[in-house]
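Residue-level structural notes
Given next are the chains, with one letter for each unit.
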Amino acid sequence: MLKISNPSKLTIPAATTSLTSLRCLHSKPISSSSSSSSSSLSVPTQEQIARLVIDQKSPSQALQTFKWASKIPNFTHSQSTYRALIYKLCNFRRFDTVKEVLDEMPHSIKSLPDESVFVTIIRGLGRARLIKEVIKVLDLVSRFNMTPSLKIFNSILDVLVKEDIDLARAFYRNRMMQSGVHGDDYTYGILMKGLCLTNRIGDGFKLLQVMKSRGIKPSTIIYNTLIHALCKNEKVGRSRSLMNEMEAPNEVTFNILISAYCKEENLVNALVMLEKSFSFGFIPDVVTVTKVLELLCNAGRVMEAVEISERVENKGGVIDVVACNTLIKGFCRLGKVKVGCQFLKGMERKGCLPNVDSYNILIAGFCESGMLESALDMFNNMKADGISWNSVTYDILIRGLCSRGQIVDGFKILELMEDSNEGSKNRISPYNSMLYGLYKENQLDEALQFLKQMENLFPKGVDRSFKVLGFCADGNVEDAKGTFDQMIEEGGSPNVLVYDCLIHLLCQEERVQEAFQLMNEMAKLGYFPIASTLNALITEFCKQGKVGTALKLMEDMVARGSLPDTLCYSSMINALCRKGDFHNALKLLLQMVDKSILPDYSTWDSLLLFLSQQTKNIHHVNKLLQAIIET
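Residues numbered from 1 in each chain as written. Predicted model: local features only at pLDDT ≥ 70, side-chain atom pairs only at ≥ 80, totals over all residues. Heavy atoms only, no water.

As recorded in an unreviewed UniProt entry, the chain goes by Pentatricopeptide repeat-containing protein and comes from Melia azedarach.

1. What to know about the overall build of the chain
Counting its regular elements, the chain contains 37 helices and 0 strands. Within the chain, residue pairs in contact and separated by at least 24 positions form 61% of the contacts whose partners lie at least 6 positions apart. (Helix = DSSP H or I, 4+ residues; strand = E, 2+ residues; numbered from the N terminus. Contact = heavy atoms within 4.5 Å.)

2. Observations concerning the environment of T76
Considering the arrangement of structural elements, one finds T76 in the loop between α4 (59-70) and α5 (79-91). The exposed category is assigned to T76, whose relative accessible area is 53%. C-alpha of T76 to C-alpha of V43: the two residues are 33 residues apart in sequence and 9.9 Å apart in space. (Buried < 20%, exposed > 50% of the residue type's maximum accessible area, 1.4 Å probe, protein only.)

3. Some thoughts on the pattern of salt bridges
What the rule picks out here adds up to 23 salt bridges. When the shortest N-O distance is used, the salt bridge between K162 and D158 registers 3.6 Å. Taken together, the positions of K162 and D158, both in helix α10 (residues 150-163) and 4 residues apart, correspond to about one turn of that helix. Classification of D158 as buried rests on a relative accessible area of 15%. (Salt bridge = Lys/Arg side-chain N within 4 Å of Asp/Glu carboxyl O.)

4. Observations regarding helix α35 (residues 582-594)
The first and last C-alpha atoms of α35 sit 18 Å apart over 13 residues, in line with the 18 Å expected at 1.5 Å per residue. Turning to α35, its buried residues are F582, N584, A585, L588, L589 and M592. Summarising the axial view, the buried residues of α35 lie within an arc of 165°, below the 170-degree limit, and thus occupy one face. Turned more than 90 degrees off the buried face of α35, the exposed positions are H583, L590 and D594. One or two residues past the end of α35 sits S596, with phi positive at roughly 60°. (Expected span 1.5 Å × (residues − 1). Arc of directions from axis to C-beta.)

5. A short note on the nonpolar core
I121 and M572 are the most contacted members of the largest nonpolar core, which has 199 residues in total. If you tally residues by element for this core, the top one is helix α30 (residues 496-508), at 9 residues. Not counting residues up to four positions away in its chain, the partners in contact with M572 are I538, C542, V547, A550, L551, M554 and L588. (Core = buried A, V, L, I, M, F, W, Y, C linked by side-chain atoms within 4.5 Å.)

6. Focus on the side chain of N154
Note on placement: N154 falls in helix α10. Leave out the neighbours within four places in its chain, and N154 touches M176, D184, Y186, T187 and I190.

7. Regarding unusual backbone geometry
Excluding glycine, a negative phi dihedral is what most residues carry, and trans is how most peptide bonds are arranged. Phi is positive for N199, close to 60°, though the residue is something other than glycine. Note on placement: N199 falls in the loop between α12 (185-197) and α13 (201-213). Judged by its relative accessible area of 41%, N199 is partly exposed. Here the phi dihedral of N442 falls at roughly 60°; this positive angle occurs in a residue that is not glycine. Mapped onto the elements of the fold, N442 is located in the loop between α26 (429-440) and α27 (444-453).

8. Quick word on the packing of aromatic side chains
Scanning the entire structure with this criterion turns up 18 aromatic pairs. Look at F331 and F343: their rings are 6.2 Å apart centre to centre, the planes differ by 50°, and that puts the pair in the tilted class. In this pair, F331 sits in helix α20 (residues 321-333) while F343 sits in helix α21 (residues 337-349), placing the two residues 12 residues apart along the sequence. Judged by relative accessible area, which is 4%, F331 ranks as buried. You can call F343 buried: its relative accessible area is 17%. For the pair F379 and Y394, a centre-to-centre distance of 6.1 Å together with 65° between the ring planes defines the contact as edge-to-face. One end of the pair, F379, is in helix α23 (residues 372-384); the other, Y394, is in helix α24 (residues 391-403), with 15 residues separating them in the sequence. Classification of Y394 as buried rests on a relative accessible area of 2%. Taken together, the aromatic side chains of F411, Y431, F450 and F458 make up a single cluster linked through ring pairs. (Phe/Tyr/Trp six-rings, centres within 6.5 Å; stacked < 30°, edge-to-face > 60°.)

9. So, helix α15 (residues 236-245)
Within α15, the full set of buried residues consists of V236, S239, L242 and M243. All buried residues of α15 project into a common sector of 110° when viewed along the axis, lining one side. Those residues of α15 hidden inside the fold are in contact with α13, α14 (220-232), α16 (251-263) and α17 (267-279).

10. Some words on the packing of helix α3 (residues 46-54) against α5
Relative placement of two packed helices is described by the angle separating their axes and the distance separating the axes. In contact at an axis separation of 8 Å, α3 and α5 are set at 5° when each is read in the N-to-C sense. The orientation of α3 with respect to α5, classified from their angle, is roughly parallel. For the pair α3 and α5, the contacting residues are Q46, I49, A50, V53 and I54 in the first and S80, T81, A84, L85, Y87 and K88 in the second. Residue composition of the contact of α3 with α5, by class: 7 nonpolar, 3 polar and 1 charged. (Axes fitted to C-alpha atoms, helices over the stretch in contact; angles between N-to-C directions. Parallel < 35°, antiparallel > 145°, perpendicular 65-115°, else oblique. Nonpolar A, V, L, I, M, F, W, Y, C, P; charged D, E, K, R; others polar.)

11. Some details on the environment of I122
Inspection of the secondary structure puts I122 in helix α7 (residues 115-127). Judged by its relative accessible area of 0%, I122 falls in the buried class. For I122, the residues in contact, after removing those within four places along its chain, are V134, V137, I152, S155, I156 and V159.

12. Some thoughts on the confidence of the model for the chain
The share of residues in the chain with pLDDT of 70 or more is 89%, and the mean pLDDT across the chain is 86. Taken together, the stretch residues 1-40 has pLDDT below 50 and engages in 51 contacts with residues farther than four places along the chain or on a different chain. (pLDDT = per-residue confidence, 0-100.)

13. Focus on the packing of α17 against helix α18 (residues 286-298)
Packing of α17 against α18 leaves a shortest axis separation of 11 Å and a crossing angle of 140°. Taken as axis vectors, α17 and α18 run oblique relative to one another. Seen along the crossing, α17 lies across α18 with a hand that is left-handed. Residue-level inspection shows L267, L271 and L274 of α17 in contact with α18, the latter providing V292, L295 and L296. Among the residues making up the contact of α17 with α18, the classes are represented as 6 nonpolar, no polar and no charged. (Left-handed = near helix turned anticlockwise from the far one by under 90°.)

Here is the structure:
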């Protein structure tokens with residue numbers, strides 16, 4: 001037994017335990033003169049002592065607790081208590097002490113260490129990445145004149161596979177097979193896992209054939225491991241063929257394949273596999289089902305997604321708040337935000353409580369549909385429903401209000417955010433949205449003042465922004481572009497004023513392709529150019545004879561909600577007339593009139609000049625002259 005100095009003074013170290021009997025032992029010392037009946041009542045079980053040893057915070061405390069327990073009358077240690085001590089010592093890498101404890105076991109409990117003790121040591125060495133020592137456990141087993149069991153071999157193999165598959169295969173060939181141990185399906189499962197983790201799928205198939213040739217029936221786990229590896233390598237068709245070889249695919253098999261088809265955005269096969277899963281009596285897990293719902297919603301097939309969610313629930317499956325939010329987002333994407341609201345109420349009736357994301361999705365949906373009053377109502381309802389606003393809530397609403405011209409309301413929400421516990425949380429996005437709102441309303445001086453006020457919150461970002469604006473004002477395009485690129489590289493978020501000034505400068509320098517690329521980046525952030533910015537691009541494209549590109553740019557921006565001005569239309573119509581494209585020129589003229597934008601004299605001049613050169617178009621000239629008189 002491990003020697004203890006002055007055992008009469010030994011007390012149990014502090015430990016976290018809920019065992020009432022051990023608390024009693026700790027608070028009331030055990031006396032050797034106690035009666036046997038009294039002692040028997042206070043003797044802890046071996047499981048309790050094992051748990052107490054594991055709960056200790058240091059190896060010395062674990063050893064002390066173990067020694068203390070050995071002094072309790074009528075208590076004897078067992079394989080389980082020794083295993084607990086060894087587990088704890090391994091966690092603290094006290095492997096020398098582990099060997100001492102092993103040597104003591106035969107004398108203490110009159111029993112050799114069992115395989116579970118050696119497995120504990122193997123796993124401890126594995127966690128410590130002492131790979132050579134892991135293999136030497138076989139020698140440790142031999143010291144006790146024991147033959148390593150298959151479980152011990154498999155445990156070593158499992159550690160080696162995680163470290164080096166080639167080392168694991170060499171161990172299997174040189175140590176296991178030469179010892180006459182060919183292994184079982186668990187052994188092959190470990191090897192298969194190692195091969196698949198290292199993408200050696202071809203070797204995985206060879207291993208599958210070896211198993212079959214030796215009469216070992218591959219388990220479902222082995223098939224699933226190989227199927228998962230195939231899917232990870234985008235060989236979903238091959239993995240589906242492999243599934244057909246299985247006698248008993250399980251829910252994991254279907255989860256893997258359905259998820260793989262969803263990743264490929266192959267909706268048809270994902271749905272086919274889902275139906276097959278149902279026919280086998282399996283219900284995919286909620287993560288897999290959510291992927292299918294998302295794919296359907298992205299395709300605009302939201303009602304089908306709702307039907308699938310209901311089928312899953314009717315079969316006893318789980319639909320959580322993330323899945324429900326996916327469906328709400330699908331309705332909002334179709335512009336059916338009110339249907340999304342009804343679905344939200346249905347969630348509550350089913351006991352699936354909405355979260356802040358549910359409301360944020362609906363607020364965003366209302367904003368995108370231009371239903372700003374409903375967005376504000378939803379914002380106010382959140383508090384009534386016990387849902388706290390978060391930084392995303394503020395961000396979505398401020399952006400929605402400002403992009404639709406409701407700057408005053410945007411400022412109110414911004415103040416509310418700053419006064420809340422959330423604050424800005426170093427998120428510059430709501431402030432950039434305010435800048436975008438001012439920019440859209442052509443309040444550029446106010447936007448510059450607001451940018452200056454942001455300096456206290458975002459000193460680095462604001463400083464960089466003003467540097468870019470300064471370089472643009474000086475016509476220094478290289479320094480402006482370099483500072484902009486540096487801002488992007490450092491993870492900064494350039495605001496719309498930075499984009500706008502840089503686009504104008506690039507157009508002035510006749511670098512219109514760079515300006516166009518910058519405008520596309522700006523549009524991806526949801527910042528659509530105002531008329532003056534659009535005009536700078538269109539004018540430069542027209543100057544360079546790229547009228548088709550200019551026309552497409554205008555059409556795209558109009559479709560996205562940007563409103564060209566008279567100058568913008570005039571530039572395009574002049575360019576089209578010079579090119580002889582009267583059809584598109586007239587089309588733009590009608591578009592101007594439809595949007596209540598009055599053509600200027602240069603526009604009329606371009607059209608009249610073109611038509612007057614074409615005698616066959618004298619009828620059109622008369623009509624245009626009449627239109628000029630009427631306007």
